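# Secondary and tertiary structure notes
Spelled out, the chains give:
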Amino acid sequence: MSDDGKKTLGLRGGPRSGNVKQSFSHGRTKNVVVETKRKRVMVPKPGGAKPSGGAPIGDPSRRPAGISDAEMDRRLKAVQAAKAREADDAAQREADEKARAEERQRRKDEAEAKEREAKEREEKAKARAEEEERKKRDAETAARRAATTPAPAADDRGASKSAPARKQAQEPRRDDQQRQNRGKGRDDGRRSGKLTVNQALSGGDGRQRSLASMKRKQERARQKALGNSEPREKVVRDVQVPEAIVVSELANRMAEKVPDVVKSLMQMGMMVTQNQTIDQDTAELIVEEFGHKIVRVSDADVEQVIDSVEDSDDDLQLRPPVITVMGHVDHGKTSVLDAIRNAKVVSGEAGGITQHIGAYQVNQDGAVLTFLDTPGHAAFTSMRARGAQVTDIVVLVVAADDAVMPQTVEAIAHAKAAEVPMIVAINKIDLPAAQPDKVRTDLLQHEVIVEKMSGEVQDVEVSAITGQGLDTLLESIALQSEILELKANPNRAAAGAVIEAQLDVGRGPVATVLVQNGTLKQGDIFVVGEQWGKVRALVNDKGERVKAAGPSVPVEVLGLNGTPEAGDVLNVVDTEAQAREIAEYRAQAAKDKRAAAGAAVTLDQLMANAKADENVSELPVVVKADVQGSAEAIVQAMEKIGNDEVRVRVLHSGVGAITESDIGLAEASGAPVFGFNVRANAPARNSANQKGVEIRYYSVIYDLVDDVKAAASGLLSAEIKEKFIGYANIKEVFKVSGVGKVAGCLVTEGVARRSAGVRLLRDNVVIHEGTLKTLKRFKDEVAEVQSGQECGMAFENYDDIRPNDVIEIFEREEVERTLD
């Protein structure tokens, strides 16, 4: 029993008891009795017989049930083998640990020996340097003393003899003091914090030393200790400085410390940090202050990598001429070209009119001719201008039954501006109403004198239907090209002009390029406008893939990173980095130009524009087209629609299918989406149905323009027209209770109506304009009073009426207006 009367817990098999003291919270303790069981040790009897080999192993009574002697023997052997393996593993681990300890000790000893040797060498070098410095100092001191001190007297010789001995005794103490002072002051400049404005302006440099600076300092000390103490010569560098540069970048180009450059700028009065930008003039002052030479560069210098070297005459070879077919709409330009090519392009064009600029090549008696077919519709002015700029010869197609028309005059102007020769093709000569002489006469008004009128411009009468005169036209073209002697160098980096650009669903951005110089090969890296790319594939006008395209060859180029603008110039460069840099510079320049145009508006101008636009109604539209040229033509046509009261605003125009982002933009502005030869994808259609955005598809440009013009006309306020219907003279004025003054009138002309508007005239001056409150005839309210009859009239909210005043009666009608 325990002390508290409870029965203790016990264990069978020879228990051994003990006391354990337990501690609890708040200082409470408790003694517990713990009993442990002794391990039973089996001791064999001294007279016991050992079991023989054939006898059963172990006591069968203590063996687990079902275990035979052979199994027991096998288990014992396994236990012994496991013990032997454990012993071997322990011995191997001990040997490995011993070997590793020896290796670690050996490496440690080697490192200590090397460090000791380096320290000894450094101490010897330092002692040698100090000794040399001390000797030099002693020599200088002795020389100075000899120069300033007179010869000592005879009785002072003993004192003078003892001076060197005193000096030798004092020298070690002075060296120890200097060494201690150096050790104390070593960390003064390392932990003093960052550079402040006051420190920079006062000249104190308290910045923390970097690891590289400490290494340089140690290297200088080591070189000085070894005797190499000659001053290092400053390296003067040519520093390229653009129009604006970051302070840290300027320091890197000068190989100077950034804090030094910042300090110099602060001393100039410019409080800048290393991440701020300074202009070129300020950078020039800094560069000159640090002793370097400035090289001014411009951001536009990135375009200097584009090869603009003039070709020598030996490298030039003959190239095919580029012929542009121009003229008025429906005069048969594409039909003439189809007759030459034996193709049928007209049948594939929507509405039978050309709406894209096409490039083709024709073989004529072994000679290759490159034709550009331009649209004749009024909306495609920019396309015709581009065609005239890249061409060598212009073929002006004029219908014999229609003579000279507006786009014919425009084509003549483009040809003259481009300074290219012109050949007049008088088409539709097979029609009965054809009048070719009238065409020649009309051309005289625009300073185009043909050969039949004793001029220099060739003229050919042709028929695209019957083929009449086509051979003569081709001969005239060949003759003109021989006169021009067109040459180019095919063995140089290619340069060309983008005729058309589009975003193809399967192929990505595609540009139709007319190579003007050099040879464009597959794999070339090029930059075109604000885009760049690598030529992934080249496709000729027949749809075949080619490996290269020489001068005057039109090809479709695949591999651009974006859709370029039609009319951009393509140039081949050496590396992708150059192409990317040039494209980024051009894009940034265009962005800055747009921003500058917006920023140039003053507040007064902004307020004036807002006031002017206050009464202007806008029709917002979103335009997507199949090619860049069509989108440009549609935007230009939209800008021409409108007047002082209404105008069309193109929110966005682009190339490719109509997407969800276009629908979102249209919904935010309440604008319709116009697709020209493109369609909306499935997510865009679903979004348009949900948001109620109208999508319209067109394949002919004048249908689109007419619909937009009609929609804009709906925004015009109706025109109000006044129609005079009668006059009445006031004979007498009466006062009627509850009504006020009533004029007794005689209708002298026309008719007086109750619903009409009236004006009160006094001495032919308008006194009041308003409506009638009442119109009576013999005390009866009537709707109208005919001429020659008397009536009573009262004005609404007006009583100042007198006899002999004249009342003018009129009606207003609204007339719907349209945009011309």
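What you are looking at is a predicted structure, and each value in this text was computed from that prediction instead of being measured. (Residues numbered from 1 in each chain as written. Predicted model: local features only at pLDDT ≥ 70, side-chain atom pairs only at ≥ 80, totals over all residues. Heavy atoms only, no water.)

### Observations concerning the pairing of strand β28 (residues 719-736)
Counted only if it meets this: A pair of strands counts as paired when DSSP detects no fewer than two bridges linking them. A run of DSSP states H or I qualifies as a helix once it reaches four residues; a run of E qualifies as a strand once it reaches two. Both are numbered from the N-terminal end.
Examined bridge by bridge, β28 and strand β35 (residues 806-815) share ten bridges and lie antiparallel to one another. Bridged to Y727 within β35 is E808. Where β28 lies against strand β29 (residues 740-753), ten bridges are found, and the strand directions are antiparallel. Within β29, the residue paired with Y727 across the bridge is E749. The turn joining β28 and β29, which pair antiparallel and follow one another in sequence, is formed by three residues; a positive phi near 85° is taken by G738.

### Looking at the pattern of salt bridges
Our working definition: Each salt bridge in this description consists of a side-chain nitrogen of Lys or Arg and a carboxyl oxygen of Asp or Glu lying within 4 Å of one another.
Tallying each qualifying case throughout the model produces 41 salt bridges. For E97, the salt bridge identified is with R100, shortest N-O distance 3.0 Å. Taken together, the residues span about one helical turn, with E97 and R100 both in helix α1 (residues 69-148) at a distance of three residues. Three or more residues joined by partner-sharing salt bridges are found here, namely E722, R759, E769, E808 and R812.

### Quick look at helix α5 (residues 247-254)
Where we set the bar: Working definition: with a 1.4 Å probe on protein chains only, accessible area under 20% of the residue-type maximum means buried, over 50% means exposed, and in between means partly exposed. Note that the arc is defined by the directions from the helix axis to the C-beta atoms. Should any heavy atoms of two residues lie within 4.5 Å, those residues are counted as being in contact.
Turning to α5, its buried residues are V247, L250, A251 and M254. Each buried residue of α5 sits inside an arc of 100° when the element is viewed along its axis, so together they form one side. On its buried face, α5 sits against β3 (238-241), β4 (244-246), α6 (258-267), β5 (277-279) and α7 (280-289). Positive backbone phi, at 60°, marks A255, one or two positions downstream of α5.

### Considering the state of the cysteines
Here is the rule: Pairs of cysteine sulfur atoms within 2.5 Å are what we label disulfides.
Within the structure shown, the criterion is met by zero disulfides. The thiol sulfur of C745 is not disulfide-bonded, and the nearest other cysteine sulfur, from C791, lies at 5.2 Å. The exposure class of C745 is buried, given its relative accessible area of 2%. Assessed through its relative accessible area of 7%, C791 is described here as buried.

### Here we look at the packing of α6 against α7
The test is simple: In this analysis, axes come from line fits to C-alpha atoms, helices being fitted only over the stretch in contact, and the angle between any two N-to-C directions falls in the range 0 to 180 degrees. Crossings are sorted by hand: turned counterclockwise from the far helix by less than a right angle, the near helix makes the crossing left-handed, and turned clockwise it makes it right-handed.
Two elements in contact, α6 and α7, have axes whose closest approach is 11 Å; the angle formed by their N-to-C orientations is 115°. Where α6 crosses over α7, the handedness of that crossing is right-handed. Residues V261, S264 and L265 of α6 touch α7, and the partners they reach there are T282, I286 and E289.

### Points about unusual backbone geometry
With phi around 65°, S552 is a residue other than glycine that occupies positive phi space. With relative accessibility at 2%, the residue S552 sits in the buried group. One non-glycine residue with positive phi stands out, namely N804, at about 70°. Along the polypeptide, N804 turns up in the loop between β34 (790-795) and β35.

### A word on the sheet that holds strand β26 (residues 673-676)
The four strands are arranged β25-β24-β26-β27 in an open sheet whose pairing can be described as parallel. Single-partner strands in this sheet number two, and they are β25 (646-655) and β27 (695-698). The sheet shows a mean angle of 25° between the axes of neighbouring strands, direction not considered. Two strands pair when backbone bridges link them, and β26 and β27 are joined in this way by four bridges, in the parallel orientation. Bridge pairing in β27 links F676 to Y698.

### Observations concerning the environment of F734
In this fold, F734 is placed in strand β28. For F734, a relative accessible area of 45% corresponds to the partly exposed category. Excluding anything up to four places from it in sequence, F734 contacts G740, K741, V742 and G744.

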